[in-house]
Amino acid sequence: MAVSVEYVKQRYSYNPETGDITNRKTGRVGRTKRTDGRTSYLTIAVKRRPVFAHRLAWALHYGEWPNGQIDHIDRDGMNN
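Bear in mind the structure is a predicted one, so any value in this text is a computation, not a measurement.

S.K.: Provide a residue-level description of the environment of Val-3, including the pertinent values.
M.R.: Summarising the element assignment, Val-3 is placed in the segment before α1 (5–11). A relative accessible area of 11% places Val-3 in the buried class. Apart from the residues within four sequence positions on either side, Val-3 is in contact with Val-8, Val-46, Lys-47 and Trp-65.

Take a look at the structure:
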């Protein structure tokens, strides 16, 4: 990930209770559905590039980008 965690923390907030990722400037919750053929995932545009919302939530919550592959424990790619 070329974008720093500091950058995303300045621009987005994460609510672990709801899974919502909110743009700090606009107040909007960003959500775009992306399907890989088998599973749908939410993506959020960061510097105009799609980032899986679950990876962004991890970075915002833990303060670092996940190392390797992560996925949803309940296999529902539409929640975070």
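S.K.: Quick one: what's the story with the environment of Pro-66, residue by residue and with numbers?
M.R.: With respect to the helices and strands, Pro-66 occurs in the segment after α2 (53–62). Note on Pro-66: relative accessible area 7%, which makes it buried. When the C-alpha atoms of Pro-66 and His-54 are compared, they prove to be 9.7 Å apart, with twelve residues separating the residues in sequence. In this view, Pro-66 contacts Arg-55 and Trp-58; residues no more than four positions away in its chain are not counted.

Cut-offs and rules
- Residues numbered from 1 in each chain as written.
- Predicted model: local features only at pLDDT ≥ 70, side-chain atom pairs only at ≥ 80, totals over all residues.
- Heavy atoms only, no water.
- Helix = DSSP H or I, 4+ residues; strand = E, 2+ residues; numbered from the N terminus.
- Buried < 20%, exposed > 50% of the residue type's maximum accessible area, 1.4 Å probe, protein only.
- Contact = heavy atoms within 4.5 Å.

Distances and angles like these do not, on their own, reveal function.
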